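Tertiary structure, described
If you want the building blocks of each chain, they are given just below.
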Amino acid sequence: MQQSVSIAPQLISILETIPDPEIPVVSIMDMGMVRSAQWVADEVHIAITPTYSGCPATDMIQATVIETFETKQIQAKVTLVLAPPWTTDWITPRGRKALAEYGIAPPLSPMADKQALWEDKKIVPCPQCGATDTQLISAFGATACKALFQCQSCKEPFDYFKCLT
Amino acid sequence: MEKMNTENHIQYIYGIADNSLILGQRLSQLCGHGPTLETDIACTNIALDLLGQTRNYYQYAAQCMGESATEDTIAFLRTERQYRNVLLVEQPNTHFGYVMARQFLFDVYHLLVVTQLQESTDSMLAAIAQKSVKEVQYHQRFSAAWIKRLGDGTAQSHQKIQEAINDLWKFTDELFYQNEHDIAAIHAGVGVDVSTLKESYMTTVTEVLTEATLTIPAETWFRKGGKEGIHSEHMGYLLAEMQYMQRTYPDMKW
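This write-up is about the structure you can find in this document. Owing to the predicted nature of the structure, the values given are computational and were not obtained by experimental measurement.

**With respect to the overall build of chain A**
Each helix and strand in chain A was counted, giving four helices and ten strands. Counting helices and strands in the order they occur from the N terminus, chain A gives β-α-β-β-β-β-α-β-α-β-α-β-β-β. Taking 165 residues into account, the globule formula puts the C-alpha radius of gyration at 15 Å, and chain A, at 17 Å, falls close to it. Projected onto its principal axes, the C-alpha positions of chain A cover 55 × 25 × 25 Å. Sorting the 165 residues of chain A into buried and exposed places 49% on the buried side. The contacts in chain A between residues at least 6 apart in sequence include a share of 55% that link residues at least 24 apart.

**Side note on empty space enclosed by the protein**
Residue and element names in this part refer to chain B. Here the structure, examined in full by the defined rule, presents three cavities of 30 Å³ or more. Estimates place the volume of the largest cavity at around 140 Å³. Gly15, Ile16, Tyr109, Val113 and Lys227 are the residues nearest the centre of the largest cavity, which is lined by 14 residues in total. When residues of the lining of the largest cavity are traced back to their parent elements, those giving at least two are α1 (6-28) and α5 (96-117). Partitioning the lining of the largest cavity into residue classes produces eight nonpolar, four polar and two charged.

**Some remarks on the sheet that holds strand β6 (residues 75-80) of chain A**
All names here are of chain A. Ordered by their spatial adjacency, four strands build an open sheet running β1-β4-β5-β6, and the pairing between neighbours is mixed. Strands at the two margins of the open sheet, each flanked by one partner only, are β1 (6-7) and β6. Here β1 runs beside strand β4 (residues 34-40); their pairing, made up of two bridges, is parallel. The partner of Ile7 across the bridge, within β4, is Ala37. Contacts from helix α2 (residues 57-71) reach β5 (43-48) and β6, with the element oriented near 160° to β6.

**What to know about the sheet that holds strand β10 (residues 157-161) of chain A**
Residue and element names in this part refer to chain A. In space, the four strands of this open sheet follow the order β7-β10-β9-β8, with mixed pairing throughout. The sheet terminates laterally at β7 (104-105) and β8 (134-138), the two strands that pair on one side only. In this structure, β7 lies alongside β10, joined through two bridges in parallel fashion. Looking across to β10, one finds that Ala105 is bridged to Tyr160. Helix α4 (residues 110-118) contacts β8, β9 (146-151) and β10 of the sheet and is inclined by roughly 70° relative to β9.

**Details of the nonpolar core**
By size, the foremost hydrophobic cluster in this structure holds 130 residues, and its most contacted members are Leu15(A), Ile46(A) and Phe69(A). With 14 residues, the top contributor of residues to this core is α5(B). Those residues within four positions of Phe69(A) in sequence are excluded, and the remaining contacts are Leu11(A), Ile14(A), Leu15(A), Val44(A), Ile46(A), Ile74(A) and Ala76(A).

**Here's the deal with the packing of aromatic side chains**
Applying the stated criterion across every chain yields a total of nine aromatic pairs over all chains. With a centroid separation of 5.0 Å and an interplanar angle of 85°, the aromatic rings of Phe96(B) and Trp146(B) are classed as edge-to-face. Separated by 50 residues along the polypeptide, Phe96(B) in helix α5 and Trp146(B) in helix α6 (residues 123-151) bring together distant segments of the chain. Given a relative accessible area of 16%, Trp146(B) falls into the buried group. The structure contains a cluster of three or more aromatic residues connected by ring pairs, namely Phe106(B), Tyr109(B), Phe176(B) and Tyr201(B). Its end group placed over the ring of Tyr138(B), Lys162(A) keeps NZ or CZ at 4.7 Å from the ring centre.

Cut-off values and rules
- Residues numbered from 1 in each chain as written.
- Chains lettered and ligands numbered in written order.
- Predicted model: local features only at pLDDT ≥ 70, side-chain atom pairs only at ≥ 80, totals over all residues.
- Heavy atoms only, no water.
- Helix = DSSP H or I, 4+ residues; strand = E, 2+ residues; numbered from the N terminus.
- Rg over C-alpha atoms; globule rule 2.2 N^0.38 Å.
- Buried < 20%, exposed > 50% of the residue type's maximum accessible area, 1.4 Å probe, protein only.
- Contact = heavy atoms within 4.5 Å.
- 1 Å grid on protein atoms, 1.4 Å probe; cavity = no way out; pocket = protein on both sides within 12 Å on 5 of 7 lines; lining within 4 Å.
- Points joined across faces, edges and corners; volume = space filled by probe spheres on them.
- Nonpolar A, V, L, I, M, F, W, Y, C, P; charged D, E, K, R; others polar.
- Pairing = 2+ DSSP bridges.
- Axes fitted to C-alpha atoms, helices over the stretch in contact; angles between N-to-C directions.
- Core = buried A, V, L, I, M, F, W, Y, C linked by side-chain atoms within 4.5 Å.
- Phe/Tyr/Trp six-rings, centres within 6.5 Å; stacked < 30°, edge-to-face > 60°.
- Lys NZ or Arg CZ within 6 Å of the ring centre and 35° of its normal.

The structure is reproduced here in structure tokens:
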């Protein structure tokens, strides 16, 4: 499912440089957090959706967006939009690839996610060696968006980005 | 439908948000004290979700109030009698059995409330609820799994979780109590009529406790008061700790 976003084309390249502070290899664009970005007179109005209600990165992202535009002499105004709620489906293919390369298993489909987290089915592939012989260690991980797994093949523990749909 | 006044609106928001704030504060007290690393992280993750939801509600309440109200003045500068949370969520972390029993008895209720709140005519409350539902489902999964593991575990874990359920049971009836603000909110189409949720609540709780080989307490004496601002003896200590920084250094910022 793709979100309907309205982002002025000339703003995309700037927004793509703003990282998620907790996962710096992906931008807020790749995370699907930017809902809209438009020029309103000589200001840029940006609507951002938080990933999780309690995500402490949200405040920092708002501040970083304003700072980034400031360095380009552009005044930016950021608002938070809660509805429709963010889902992991909005992470772009490039974002998913970057997560995997960073060592975080990207979210599976909603159905597979429930099987992995609730029924303990071995279907989350290890981002290090690719084996699917992996085990859920904890449904809650180092940040609100992640669960902790361990690969039974290469023995590496790793994070899995939980599905929210 | 009747239109509700601002005071009722704000008090209704407190009635929902204060539960999340106070339970979030209780769970935060476990940070670094969880029985294992995984449960420590899980409890603090749940606290984070609850505090995040609380911020969304308070920011909205502050906006409705106008003047100089902010999410922080609402969270930190009210007196005990002004908090509208139920007694259940302020009960102490006596032992891990109590932490999980309190969590489970609240999660089942919380999920029913936010599921219904998605239909609120207040689009902001509906949006916050829509976001919260996904998170609360995870919480209930987690706490229900622990109830089963402890109840159907060793003789000692069984005895301890049963003790916690028995002790906390007297606070469950208050979950379905509605004050005048709640009733005004229901009439305006903004609030959830929680009195209609009791049956679903009992069904889920009974199902999980039965699977956990636990007994449903026969308790018929129930305590209430939190929703009217009359709290248990534990609340003052909780607030003293939570409000310490803002009371000592007014307007302090990180």
